[in-house]
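What follows is the residue order along each chain.
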Amino acid sequence: MPTLIGRLYLLLNLKYRRSRDLINQHLHHMIEQEFQEAPMMRAERKKISLIASLIASLQQDEKLEASKTEEDKKGLSRAEVLDEMLAFLMAGYSTTTAALTWFIHLVSVHPEVQNKIKKELAQYNMQSLSVEQLDSFSYLDCVLREVFRFVPPAFGTLRTLTVDDRLPSTGAELRKGDLVFIAIHNMGRDRRYWSGPVDPDQFYPERFLVEGNDINNNKAASIPFGGGHRQCIGQDLARFEVKAICARLMQRVTFGDGGPEVNSGEYAGDGGDATIPKRMGVTITFDSDYST
Ligand code: HEM
């Protein structure tokens, strides 16, 4: 029933319909642009672009495919491709925004962390960075891993059980069809998995400096992109873009704490599909360019 009311509400909501039309127009445009590429180019792009590989799977004859059984159908219909593209847009936008917002807040209240990042980047002053240079910033890696552990943009994820099961430690019975919530945020803060010298409720990137140390660096307990078959399809892109943006920001500006009243972090009550800070008021100082 709530789904029906939700659908009816959206159907009658002019603002929603206008936004949806606008997004659809852009998505159709992206499909057309992809078709304008030469076949050789499209085959190459398929290897490096999620969108190109989706479009490559568009059905040649939608009517024919629609007449087949689910098992026999080949490729995706245009509506399915559009839905997938929309899913990328939705799943990739708010999560990445949340990660960047938390990064800015956390470095603003931890100037010592911000200084260390800047030291790591110092030799490149403000110049553009290559992928290899980005890869070499191991302290920035630790900071981002800590941001994803401390405040994961996705609070948790869900799985529907396909078989009956029993939890080994408590014996709790689970039934096929049960919906299980995997609490990504809680796992990242659970003292049973993070028993190192620095409390998991503290933001402390150095805990990730010691590779292979299970006490400080519990890989299985920090799963910001989920896990298994349904883990985040955009995680490599997300990690890369977040790292590139943070590095470029840190080459140019210093974030300062705007004070407890405006910069307390906290969780916004309803952040949509990603957890964003409720209060993030920072000062921004533009750094000097030493090369000029
Ligand atoms: C910081 C950024 C991001 C975070 C923290 C994040 C996190 C997640 C998480 C936790 C899941 C659920 C995984 C599971 O249940 O095991 C997920 C699923 C998904 N994500 Fe991301 N994501 C991010 C960025 C992106 C980007 C950039 C894209 C696309 C370009 C994307 C596309 C998707 C899609 C399509 C799914 C659904 C996969 C499925 O159900 O099979 N995400 N993401």
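Residues numbered from 1 in each chain as written. Predicted model: local features only at pLDDT ≥ 70, side-chain atom pairs only at ≥ 80, totals over all residues. Heavy atoms only, no water.

> Please explain the nonpolar core as it appears in this structure.
Soluble, globular proteins show a tendency: their nonpolar side chains are buried together. In this structure, Phe103, Ile117, Leu140, Val143 and Val147 are the most contacted members of the largest nonpolar core, which totals 32 residues. Listed by contribution, the elements that provide at least two residues to this core are α6 (78-109), α7 (111-121), α9 (138-150), α11 (235-252) and β5 (253-257). Dropping the residues within four chain positions of it, Phe103 is found in contact with Ile117, Leu140, Val143, Leu144, Val147, Cys246 and Met250. If you look at the next biggest cluster of nonpolar residues, it comprises ten residues, including Ile31, Leu58, Val81 and Leu86. (Core = buried A, V, L, I, M, F, W, Y, C linked by side-chain atoms within 4.5 Å. Buried < 20%, exposed > 50% of the residue type's maximum accessible area, 1.4 Å probe, protein only. Helix = DSSP H or I, 4+ residues; strand = E, 2+ residues; numbered from the N terminus. Contact = heavy atoms within 4.5 Å.)

> Explain the layout of surface pockets here, please?
The rolling of a water-molecule-sized probe over the atoms marks out the regions of remaining empty space. By volume, the largest pocket is sized at about 1,500 Å³. What lines the largest pocket is a set of 48 residues, and nearest its centre among them are Ala91, Gly92, Cys232, Ile233 and Gly234. When contributions to the lining of the largest pocket are tallied by element, the ones reaching two or more residues are α2 (14-36), α3 (39-48), α4 (50-56), α6, β1 (157-160) and α11. In this structure, the lining of the largest pocket is formed jointly by two domains, domain 1 (2-56) and domain 2 (86-286), each of which donates at least three residues. Taken as a whole, the second largest pocket holds about 280 Å³ of empty space. (1 Å grid on protein atoms, 1.4 Å probe; cavity = no way out; pocket = protein on both sides within 12 Å on 5 of 7 lines; lining within 4 Å. Points joined across faces, edges and corners; volume = space filled by probe spheres on them. Domains from an automatic or database assignment.)

> Hey, could you run me through the coordination of the iron atom of the ligand in this one?
Think of it this way: four donors in a tetrahedron around the metal ideally sit 109.5 degrees apart, and six in an octahedron ideally sit 90 or 180 degrees apart. Looking at the protein side alone, the iron atom of the ligand has one donor only, Cys232 (SG), at 2.3 Å. Assignment of secondary structure puts Cys232 in the loop between α10 (184-189) and α11. (Donors = N, O, S within 2.8 Å, 3.2 Å for Na, K, Ca; no water.)

> Whenever I open this one, the packing of aromatic side chains confuses me. Can you help?
Two numbers describe a pair of aromatic rings. These are the distance of the centres and the angle of the planes. Within this structure, the stated rule accounts for six aromatic pairs. For the pair Tyr124 and Phe137, a centre-to-centre distance of 5.8 Å together with 70° between the ring planes defines the contact as edge-to-face. Of this pair, Tyr124 sits in the loop between α7 and α8 (131-135) while Phe137 sits in the loop between α8 and α9, placing them 13 residues apart in sequence. You can call Phe137 buried: its relative accessible area is 1%. Among the aromatic residues, those joined into a ring-pair cluster are Trp102, Phe155 and Tyr267. The ring of Trp194 is capped by Arg149, whose NZ or CZ atom sits 5.4 Å from the centre of that ring. Directly above the aromatic system of Phe150 lies the positively charged group of Arg189, at a separation of 4.0 Å from the ring centroid. (Phe/Tyr/Trp six-rings, centres within 6.5 Å; stacked < 30°, edge-to-face > 60°. Lys NZ or Arg CZ within 6 Å of the ring centre and 35° of its normal.)

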